[in-house]
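Here are the chains, one letter per residue:
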Amino acid sequence: MKRTIVIGAGPAGVSTALYAARGNVDVTLIYSGYGALEKAHKIENYYGLDATISGRELFERGLKQVKNIGVTLVEAEVLGIVWDEAFKVSTTQGNFDAEALVLATGTSRKKAEILGLEDFEGRGVSYCATCDGFFFRGRDICVIGNSDYAIHEIEALLPLANKTYLLTNGLDLDNPLPEGVELIKKKISYIKGETIVDSVYFEDESKIDVNGVFVAMGSAGTTDLAKKIGVETLNDKILVNENMETNVKGVFACGDCVGGFLQVAKAVYDGSMAGTSVIKYLKSL
């Protein structure tokens with residue numbers, strides 16, 4: 001059986017898994033938390049519901065449904081994605097690989113509110129160590145974050161950078177820090193530079209001089225994951241065609257992460273199209 005990995009277990013991801021698994025595809029569904037459905041306390045405008053249910057209950061029903069037809073469920077945070085003869089997804093619960101990949105990760109998380117961060121995007125500020133680390137080889141860089149995702153990004157940058165800082169922006173760090181990384185827990189005030197980044201200032205008016213700032217707050221967001229494998233995005237949304245295909249062969253996306261009407265009904269439609277497209281793609285290999 002050909003394999004696909006679906007990242008995200010909301011209506012779009014579960015629908016993708018349902019269609020793909022029924023098409024004789026080996027599906028691994030990776031998810032972390034309830035996503036946007038957790039905020040939906042009452043759902044009554046969806047086909048087939050004879051009583052109001054919560055988003056959490058609908059989410060749990062979806063997981064049971066795909067598990068019953070043989071989908072492998074993995075509750076874990078995704079740390080990175082690479083292509084090496086197959087799509088290899090690294091998570092907090094181990095590594096997984098497949099011939100096809102579906103991103104159904106919902107909308108991107110809120111970015112860190114640090115003055116100057118958006119101004120220097122593409123001019124020293126990056127959200128993907130795998131994508132941009134090479135351009136900062138031999139330079140001093142910092143990673144902003146305090147989670148597994150931040151440590152994962154640091155590990156990708158360490159062989160390239162001259163000096164590496166981890167800035168937690170006032171938060172505690174629960175993870176072991178790789179050797180050779182300087183930890184700074186102080187609250188960040190702003191990022192400064194002329195044409196490109198040259199320094200990060202803290203609230204106590206101290207600073208560090210760096211040429212690169214890599215943002216890895218919380219967990220990897222939708223566009224963070226997409227960019228790691230060259231998927232095109234626009235305004236924090238993944239670009240797809242009518243078949244939920246991205247510009248990268250074998251990679252599909254569906255649900256809130258592609259934009260449009262942010263409703264369960266639309267996400268289910270997206271997932272059904274993505275699952276059908278995955279079946280066709282894998283049969284062509």
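Our subject in this report is the structure included herewith. (Residues numbered from 1 in each chain as written. Predicted model: local features only at pLDDT ≥ 70, side-chain atom pairs only at ≥ 80, totals over all residues. Heavy atoms only, no water.)

The next thing to look at is the environment of Leu167. Here Leu167 shows up in strand β10 (residues 163–167). Note on Leu167: relative accessible area 0%, which makes it buried. Sequence separation of Leu167 and Ile144 is 23 residues, and the distance between their C-alpha atoms is 4.7 Å. With sequence-adjacent residues up to four places away left out, Leu167 is seen in contact with Cys142, Val143, Ile144, Gly145, Ile184, Ile188, Val200, Phe202 and Ile208. (Helix = DSSP H or I, 4+ residues; strand = E, 2+ residues; numbered from the N terminus. Buried < 20%, exposed > 50% of the residue type's maximum accessible area, 1.4 Å probe, protein only. Contact = heavy atoms within 4.5 Å.)

To continue, consider the environment of Asn241. Tracing the backbone shows Asn241 in the loop between β17 (237–238) and β18 (251–253). Sequence separation between Asn241 and Ala216 is 25 residues, and the spatial gap between their C-alpha atoms is 29 Å. At a separation of 2.8 Å, a polar atom in the side chain of Asn241 contacts the main-chain amide nitrogen of Asn243. A polar atom in the side chain of Asn241 sits 2.7 Å from the side chain of Glu245. (Polar contact = N/O pair within 3.5 Å; in protein donor to acceptor, adjacent residues only side chain to side chain.)

Time to look at the sheet that holds strand β8 (residues 125–126). With parallel pairing, the five strands of this open sheet are ordered in space as β8-β15-β9-β10-β11. Edge positions in the sheet fall to β8 and β11 (181–184), since each has one partner strand and no second. Relative to β10, strand β9 (residues 140–144) runs parallel, the two being bridged by five bridges. Across the sheet, Cys142 pairs through a bridge with Tyr165, a residue of β10. Packing of helix α4 (residues 148–157) onto the sheet brings it into contact with β9, β10, β11 and β15 (212–215), and relative to β9 it is tilted by some 165 degrees. (Pairing = 2+ DSSP bridges. Axes fitted to C-alpha atoms, helices over the stretch in contact; angles between N-to-C directions.)

The next thing to look at is the packing of aromatic side chains. Inspection of the entire model under this criterion finds seven aromatic pairs. Ring plane angle 75 degrees and centroid distance 6.2 Å describe the contact between Phe134 and Phe135, whose orientation is recorded as edge-to-face. The same class applies to Phe134 and to Phe135, which are both exposed. Between the aromatic rings of Tyr190 and Tyr201, the centroid separation amounts to 4.7 Å while the plane-to-plane angle is 10 degrees, which identifies the pairing as stacked. Here Tyr190, found in strand β12 (residues 188–193), pairs with Tyr201, found in strand β13 (residues 197–202); they are 11 residues apart in sequence, far enough to count as distant. (Phe/Tyr/Trp six-rings, centres within 6.5 Å; stacked < 30°, edge-to-face > 60°.)

Another point: the packing of helix α1 (residues 11–22) against helix α2 (residues 55–68). It is at 10 Å that the axes of α1 and α2 come closest, and there the two elements cross at 15 degrees. It follows that α1 is roughly parallel to α2 by the angle criterion. Relative to α2, the crossing made by α1 is left-handed. Between α1, through Val14, Ala17 and Leu18, and α2, the contact on the second element is made entirely by Gly62, Gln65 and Val66. For the contact of α1 with α2, the residue count by class is four nonpolar, two polar and no charged. (Parallel < 35°, antiparallel > 145°, perpendicular 65-115°, else oblique. Left-handed = near helix turned anticlockwise from the far one by under 90°. Nonpolar A, V, L, I, M, F, W, Y, C, P; charged D, E, K, R; others polar.)

The next point concerns the layout of surface pockets. Take a probe with the size of a water molecule and roll it over the atoms, and the empty space left behind shows itself. In this structure, the largest pocket spans a volume of roughly 1,100 Å³. Lining the largest pocket are 45 residues, with Gly35, Ala36, Thr105, Gly106 and Thr107 sitting closest to its centre. Where the lining of the largest pocket is concerned, the elements lending two or more residues are α1, β2 (26–31), α5 (222–228) and α6 (264–284). With four residues, the single largest contributor to the lining of the largest pocket is α6. Classifying every residue of the lining of the largest pocket gives 24 nonpolar, 15 polar and six charged. One number sums up the size of the second largest pocket: a volume of about 320 Å³. Together, 17 residues line the second largest pocket, and Val14, Ser15, Tyr46, Gln65 and Val268 are the ones closest to its centre. Among the elements of the structure, α1, α2 and α6 are those that each provide at least two residues to the lining of the second largest pocket. Of the residues assigned to the lining of the second largest pocket, the class counts are 11 nonpolar, five polar and one charged. (1 Å grid on protein atoms, 1.4 Å probe; cavity = no way out; pocket = protein on both sides within 12 Å on 5 of 7 lines; lining within 4 Å. Points joined across faces, edges and corners; volume = space filled by probe spheres on them.)

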